[in-house]
Amino acid sequence: GERVDSTNYYSRELVSLNERMSQMQAEKKAVAEKGNDELSASQWIAHAFGAASGAAATSMSRLQTEEDTIRGAMWDVSCNLGLDFVIGGFSFMHQNIDTVVESVVGTTMSSTGFVTFTDLQTVTCGAKAPLSDDPRVLEANIAPDPRDIKWENAHINRSWSAGREWTANVALGVGAILWSVPVAAIQAWATADSLASIPGFEWIMSFDGGEFASFVNGYLPVVALLCIILILPIIFEWIAVHYENRKTYSDVEKSILTRYFYYQLANIYITVTAGSIWTSLSDILDHPGNVFAILGKSLPTVVGYFVALLLTKILAGLPLVMLRFGALGRILFLKIFFKTKYLTQSELDEVNKKNVLYYGWEYPTQLLVITICFTYACISPIILPVGAVYFLGALLVYKKQILVVYCPTYESGGTMFPSACHRTLTGLLCGQVTLIGYSILKQGFYQPLFLLPLLVFTVGMMNVYKKLYAEPGRQLSIEKALSLDKHSTAVKSFRKDCYRQPVLAEGPAEPKSSNGFTNGSMLGRSKLFEQNPDDESGGKLV
């Protein structure tokens, strides 16, 4: 074929793809508006033959305009014409088969819809008012930020998703109960003696006069457990997105936060129980009647494990957060294996993508530390200065990361804050229960009686905070909505496609500017053109 300029060629190709995309968007919008209206089969077949004829006519006109056309090549023309006819028909069928299926088979309407307004007063009234006598028929809530919606799950029925959520909670609850198995295995096998039994590692016990073996016994169980814990958020995210089909990113993060926190909680108390019983098992078997006294004596010894855990987080965890190992690894990989001038802008954007704060990962980490401090504050106060040092370092690290590094991709209206406060008070409640139980183990009588009101007061304040702050904070009051409407400019900046699926609301694609242009030609070719994402919310009021 003829050698042509790649920029002009792909520009023309992009125009053709934009036209095809616009046509497919119009067809999908028509299906959404008409719902169950059937499409006549004869009309559909006529459209298929029309598309095939158009493809054949295009092929014939192309052949007639080529300078290298030979009059005697009638066989090639006929074959090309017949092939284009068949390909055009099948192409049309492939594009419209999903449209026909959606129109003919069952209902095509989603269980979720959006109604948009230009004033907050109407939104507030609509979200608070009962819209149906049967509350199961229609449920109205304040819509999330359009960027917060997972559009591939937006159509899922809520009752179906709730059933899967219940199943996942039961399975994860059983997993939390069985969490003692890997914890106990780590404490039993992650020791210098176990490593020394491996051929080639006998030197561990005698190296540096046995000091290295003590170091391994202190930190190897901590590192091994931290590695296992880091896998949990990945599992929870997969369950929330692909099994439960949650509809918003904030809901996914909230589910990860809740489940990760309770697994961290189980980790604390299973570690305490497993460690205490493991070290005192022989004494308990010899003197079964003194089980409470033995556990009460051995329980504070586990604090050394948690001190090592907090020191590991201070000396290794926080520096890794500052280092941003993922972004650093991508940049080093780019510098070592590629030349930047030969890459397209899309490829560079993929390497230098935004750093996002994952609340479901970060919140439970902080809640774990504060729960450890609550649990051992009275039993072994040495944990308090270590926890204070950690939170001082976390304040400096995360404050810098949030102000300078992390870029929010959506707004959730502070939905994570009530969950974090509730889990903090849950950790305090667990610490109080632990102190009462420890007093009973030490054969105290009056101390547990005086400590019981703390539980009642904490539970009561949790309910007060939920009633006064968490539940009213989910939506505006009508008074506040009226006040905000007086200064609102939503009518001027409102977009009708604000809550349309992005694939149906995207405009024509345009070429991205790239540092790969040299003398009018593009050197990078693998990702020449991509849709320019629209991250603007359009100043909407929902």
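Note that the coordinates shown come from a computational prediction; the quantities given were computed from them, not determined experimentally. (Residues numbered from 1 in each chain as written. Predicted model: local features only at pLDDT ≥ 70, side-chain atom pairs only at ≥ 80, totals over all residues. Heavy atoms only, no water.)

## Some thoughts on the UniProt feature "transmembrane region" (unreviewed entry) in the protein chain
Under the convention used in this document: UniProt positions are given in the numbering used here, feature names are shortened, and annotations may be inferred rather than shown by experiment. Strands here are runs of E lasting at least two residues and helices are runs of H or I lasting at least four, both read from the DSSP assignment and numbered beginning at the N terminus.
UniProt records the feature "transmembrane region" (unreviewed entry) at residues 166-190, 218-239, 260-279, 367-392 and 447-465, using the numbering of this structure. Structurally, residues 218-239 comprises 100% helix and 0% strand, and the distance from its first C-alpha atom to its last is 34 Å.

## A closer look at the pattern of salt bridges
Spelled out, the test is: Salt bridges, as used here, are contacts in which a Lys or Arg side-chain nitrogen is within 4 Å of a carboxyl oxygen on Asp or Glu.
As enumerated under the stated definition, the model contains seven salt bridges in all. A salt bridge links R147 to D145; the shortest N-O distance between them is 2.9 Å. In the salt-bridge network here, residues are joined through shared partners; they are E165, E244, R246, D251 and R259.

## Details of the nonpolar core
Grouped burial of nonpolar side chains is what soluble globular proteins tend to show. Operational definition: The criterion is simple. A nonpolar core is a set of buried Ala, Val, Leu, Ile, Met, Phe, Trp, Tyr and Cys residues joined through side-chain atoms within 4.5 Å. A 1.4 Å probe rolled over the protein chains alone gives each residue an accessible area, and that area as a share of the maximum for its type sets the label: buried under 20%, exposed over 50%, partly exposed in between.
In this structure, F306, I372 and I383 are the most contacted members of the largest nonpolar core, which totals 48 residues. Mapped onto this core, the elements with two or more residues apiece are α5 (158-177), α6 (180-189), α9 (211-243), α10 (249-286), α12 (303-323), α15 (359-376) and α16 (383-405). Looking at which element gives the most residues to this core, the answer is α12, with 10 residues. Of all hydrophobic cores here, the second largest spans five residues; its members include I149, W151, A154 and Y499.

## Here's the deal with a nonpolar patch on the surface
For clarity, the threshold we go by: Here, patches come from residues exposed beyond 30% relative accessible area and free of salt bridges, joined within 9 Å for like charges and within 5 Å for nonpolar side chains (Val, Leu, Ile, Met, Phe, Trp, Tyr). Per-residue and other accessible areas were derived by the Shrake-Rupley procedure at a 1.4 Å probe size, with only the shown protein chains allowed to occlude residues.
Nonpolar side chains collect at one region of the surface, where L320, L323, F325, L328, L332, F333, I336, F337 and F338 lie side by side and expose about 950 Å² of accessible area between them. Within the residue set of the nonpolar patch, elements represented by two or more residues are α12 and α13 (325-337). The element that contributes the greatest number of residues to the nonpolar patch is α13, accounting for six residues. The residue L328 is located in helix α13 in this model. Residue L328 is classed as partly exposed on the basis of its relative accessible area of 33%.

## As for the packing of aromatic side chains
We count it as follows: Stacked, edge-to-face and tilted labels apply to pairs of Phe, Tyr and Trp rings (six-membered ring for Trp) whose centres lie within 6.5 Å, assigned for plane angles under 30 degrees, over 60, and everything in between, in that order.
If you walk through the whole model with that rule in mind, you get 12 aromatic pairs. When the centroid spacing of 6.1 Å and the interplanar angle of 25° are considered together, the rings of Y249 and Y410 count as stacked. Note that Y249 is positioned in helix α10 and Y410 in the loop between α16 and α17 (416-441), a separation of 161 residues in sequence. Centroid distance F261 to Y262: 5.3 Å. Interplanar angle 65°. Geometry classified as edge-to-face. Through a chain of ring-to-ring contacts, three or more aromatic side chains come together here, namely F114, W151 and Y499.

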